[in-house]
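# Summary of the model geometry
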Amino acid sequence: MLYSFLSIISLSVLFLQVSETSYNAEINRWRHDREAGLKADGGWLTVAGLFWLKDGKNTVGTDKTSDIVLPAGSAPASVGAFTFHDGQTRFEAAPGVRAMVDGKSAISAVLKSDSAGEPDVLQVYDLTMFVIQRGKRYGIRLKDKNSEMRKAFTGLKFFPADESYRVKAKFVPYNPPKMIPIPNILGETEEEASLGYVEFTLNGHPCRLDPVTEGESLFFIFKDLTSGKETYPPGRFLNTEMPKDGEVTIDFNKAYNPPCAFTPFATCPLPPKQNQLAVRIEAGELRYGH
């Protein structure tokens with residue numbers, strides 16, 4: 001009888017050890033993929049510039065008199081020009097410049113912005129450029145495979161994985177979806193649709209967050225009492241699966257820094273007031289460079 005009882009205890013301990021090992025492996029895979037995404041050819045570490053378009057002609061090249069000045073040695077002195085008017089951007093290549101749009105050779109092309117999904121991508125040598133829209137402004141975002149930020153990247157750091165920060169939250173739908181104001185680092189505020197809010201308890205503290213949607217996932221923009229100390233001052237991001245049976249699993253071990261933590265050329269959203277939590281969340285990605 002005693003042997004059977006001890007066997008049950010041993011099996012229980014073994015199950016917990018396997019479960020913990022499996023969870024740590026999951027978090028380690030997520031961390032690896034997170035860092036690989038940043039360092040990839042099209043990752044945020046390659047973002048090397050953001051240039052707001054003026055109405056009319058915007059010249060582009062490595063010549064310092066250009067409206068859009070490219071990194072020295074990355075392209076010809078004159079690459080061409082972006083002509084912008086009434087929300088439309090057309091690129092015209094300079095003579096002799098080999099340019100590609102969405103993988104196809106192009107001398108001239110109207111470039112679709114990111115406002116309706118994936119933008120058209122202009123490639124010149126190791127540089128890529130595309131049009132972004134933020135509010136009423138349009139700009140050219142530049143990516144450079146040889147960016148200084150990519151070369152100088154020292155890797156990510158995280159709080160130790162802690163499964164207690166993986167919580168089941170109650171999802172309360174808004175019917176109809178509620179438009180909530182989301183500020184950004186440009187000083188602008190845009191209305192985003194929220195399908196509902198989540199409620200959960202963390203370290204004894206009742207918490208509530210309003211997510212918005214990003215593709216097929218819920219997207220949380222939040223701040224907590226580690227912000228500005230161990231973690232990035234403006235806040236962090238977190239993605240989860242869509243609600244199922246009135247619940248959402250939130251794993252703060254997968255909280256990550258916004259692109260603005262790595263480049264001054266991003267236009268990150270900031271946490272709305274209701275997503276600024278009065279609790280320390282000692283999980284997920286730490287402040288870069290500290």
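Each remark here, short or long, concerns the structure printed above.
Residues numbered from 1 in each chain as written. Predicted model: local features only at pLDDT ≥ 70, side-chain atom pairs only at ≥ 80, totals over all residues. Heavy atoms only, no water.

### Side note on the overall build of the chain
Along the backbone of the chain there are two helices and 18 strands. Its C-alpha atoms put the chain at 90 × 40 × 35 Å along the principal axes. Across the 290 residues that make up the chain, the buried fraction comes to 44%. When contacts within the chain are restricted to residue pairs at least 6 apart in sequence, those whose partners lie at least 24 apart make up 57%. Averaging the locations of the 33 positively and 35 negatively charged side chains of the chain gives two centres separated by 3 Å. (Helix = DSSP H or I, 4+ residues; strand = E, 2+ residues; numbered from the N terminus. Buried < 20%, exposed > 50% of the residue type's maximum accessible area, 1.4 Å probe, protein only. Contact = heavy atoms within 4.5 Å. Lys, Arg positive; Asp, Glu negative; His and termini not counted. Charge placed at Lys NZ, Arg CZ, Asp CG, Glu CD.)

### Describing the sheet that holds strand β9 (residues 122-124)
Here we have six strands laid out as an open sheet, ordered β1-β11-β10-β9-β6-β7, and antiparallel in their pairing. Edge strands, defined here as strands with exactly one partner in the open sheet, are β1 (47-52) and β7 (104-105). Examined bridge by bridge, strand β6 (residues 100-101) and β7 share two bridges and lie antiparallel to one another. Across the sheet, the residue bridging to M100 is S105, located in β7. (Pairing = 2+ DSSP bridges.)

### Re the pattern of salt bridges
A complete count under the given rule lists eleven salt bridges for this structure. Between R137 and E188 there is a salt bridge, with its nearest N and O atoms 3.6 Å apart. Taken together, the positions of R137 in strand β11 (residues 137-144) and E188 in the loop between β12 (166-183) and β13 (189-202) put the pair 51 residues apart, joining distant regions of the chain. Taking relative accessible area as the criterion, R137 reaches 34% and is therefore assigned partly exposed. For R236, the salt bridge identified is with D224, shortest N-O distance 3.2 Å. One end of the pair, R236, is in strand β17 (residues 236-241); the other, D224, is in the loop between β16 (217-222) and β17, with twelve residues separating them in the sequence. (Salt bridge = Lys/Arg side-chain N within 4 Å of Asp/Glu carboxyl O.)

### With respect to the layout of surface pockets
In this model, the largest pocket occupies a volume close to 1,200 Å³. Along the walls of the largest pocket sit 39 residues, with W44, D114, R134, E214 and P269 positioned nearest its centre. Sort the elements by how many residues they give to the lining of the largest pocket and strand β10 (residues 127-134) lands first, with four residues. Of the residues assigned to the lining of the largest pocket, the class counts are 19 nonpolar, eleven polar and nine charged. Space inside the second largest pocket adds up to approximately 370 Å³. (1 Å grid on protein atoms, 1.4 Å probe; cavity = no way out; pocket = protein on both sides within 12 Å on 5 of 7 lines; lining within 4 Å. Points joined across faces, edges and corners; volume = space filled by probe spheres on them. Nonpolar A, V, L, I, M, F, W, Y, C, P; charged D, E, K, R; others polar.)

### Quick notes on the nonpolar core
Membership of the largest hydrophobic core comes to 26 residues, with the highest contact counts inside it found for L70, F82, F91 and M129. Sorting the residues of this core by element identifies β4 (80-85), β5 (88-93), β8 (108-111), β9, β10 and β11 as the ones contributing at least two each. A169, V248, A255 and A283 belong to the second largest nonpolar core, which has 21 residues in total. (Core = buried A, V, L, I, M, F, W, Y, C linked by side-chain atoms within 4.5 Å.)

### Examining the state of the cysteines
In this structure the tally under the stated criterion is one disulfide. Residue pairing for C260: its cysteine sulfur links by disulfide to C268, the two sulfurs lying 2.3 Å apart. Between C260 and C268, the S-S torsion sits near 115 degrees, and that sign places the bridge as right-handed. With relative accessibility at 14%, the residue C260 sits in the buried group. (Disulfide = S-S within 2.5 Å.)

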